[in-house]
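One letter stands for each residue in the lines below.
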Amino acid sequence: MESPVTHCEYATGHELLDAELNALWSFGDLKAKYRCRQILAPLEAGLQTVNHGDVHPGNTILAGNRLYFVDWGYAHRGLGLTDLAYLWDTRIHSECPDDWWVISGMEASNSLSAYLRASGEEDIDQSEVARAVMVWNQLCTHSNAVRNGLEVEVERSKKLIFELLG
């Protein structure tokens, strides 16, 4: 499966997540990095599947009772759970999203429940998966902000990562 972060192929979800964390982690705090890897572990349970790579409401079309995904330009083989990162932001806990791509806490919970049921993974702790997805999302956000010199977003994402690590 291909990492959307390193753009390399990996045989297992474990290897993929280790490589992504090594590529994304820029804080120097090895204890926090280890804690982060523990939090990301539930993502390994995600099905190896085709990921859309850019899932957000703007790339969906509801026609009748069917939902269609459009704009497959970032599609790749990977862990299905990582596609969910585009749907959530840590602000779902406050029920006050201020960005158009952020869904409410109820919608996030319902989407994860539906995903886990459909993939036969309903025994996985939903709250642990949600936390892992949010950490992964913030690591990617932080990496993009650093790469693009967005200082305010660098600090915001760093703060959110460490809040999520507990």
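About the cut-offs
Residues numbered from 1 in each chain as written. Predicted model: local features only at pLDDT ≥ 70, side-chain atom pairs only at ≥ 80, totals over all residues. Heavy atoms only, no water. Core = buried A, V, L, I, M, F, W, Y, C linked by side-chain atoms within 4.5 Å. Buried < 20%, exposed > 50% of the residue type's maximum accessible area, 1.4 Å probe, protein only. Helix = DSSP H or I, 4+ residues; strand = E, 2+ residues; numbered from the N terminus. Contact = heavy atoms within 4.5 Å. Axes fitted to C-alpha atoms, helices over the stretch in contact; angles between N-to-C directions. Parallel < 35°, antiparallel > 145°, perpendicular 65-115°, else oblique. Left-handed = near helix turned anticlockwise from the far one by under 90°. Phe/Tyr/Trp six-rings, centres within 6.5 Å; stacked < 30°, edge-to-face > 60°.

1. As for the nonpolar core
Ranked by size, the top nonpolar core spans 32 residues in total, and within it W25, C36, L40, L43 and L139 carry the most contacts. Elements supplying a minimum of two residues to this core: α1 (13-24), α2 (30-40), α3 (105-118), α4 (126-147) and α5 (151-165). By residue number, the principal contributor to this core is α4, which donates nine residues. With residues near it in sequence (within four places) discarded, L40 still touches L17, L21, A132, V135, W136 and L139.

2. Considering the packing of α4 against α5
The contact between α4 and α5 brings their axes to 9 Å, and the two run at 155°. By the criterion of interaxial angle, the relationship of α4 to α5 is roughly antiparallel. Remark: the crossing between α4 and α5 carries left-handed chirality. Touching R131, M134, V135, Q138, L139, T141, H142, A145 and V146 of α4 are E153, V154, R156, S157, K158, L160, I161, L164 and L165, all from α5.

3. A word on the packing of aromatic side chains
To describe a pair of aromatic rings, you give the distance between the ring centres and the angle between the ring planes. The tally for this structure, following the rule as stated, stands at three aromatic pairs. Plain terms: the ring middles of W25 and F27 are 4.7 Å apart, the flat faces sit at 85° to each other, and that makes the pair edge-to-face. Look at W25 and F162: their rings are 6.1 Å apart centre to centre, the planes differ by 55°, and that puts the pair in the tilted class. Residue W25 is located in the loop between α1 and α2, and its partner F162 is located in helix α5; the two are separated by 137 residues in the primary sequence. Since its relative accessible area comes to 10%, W25 is described here as buried. On the accessibility criterion, F162 (28% relative accessible area) is partly exposed. One aromatic cluster in this structure is built from W25, F27 and F162.

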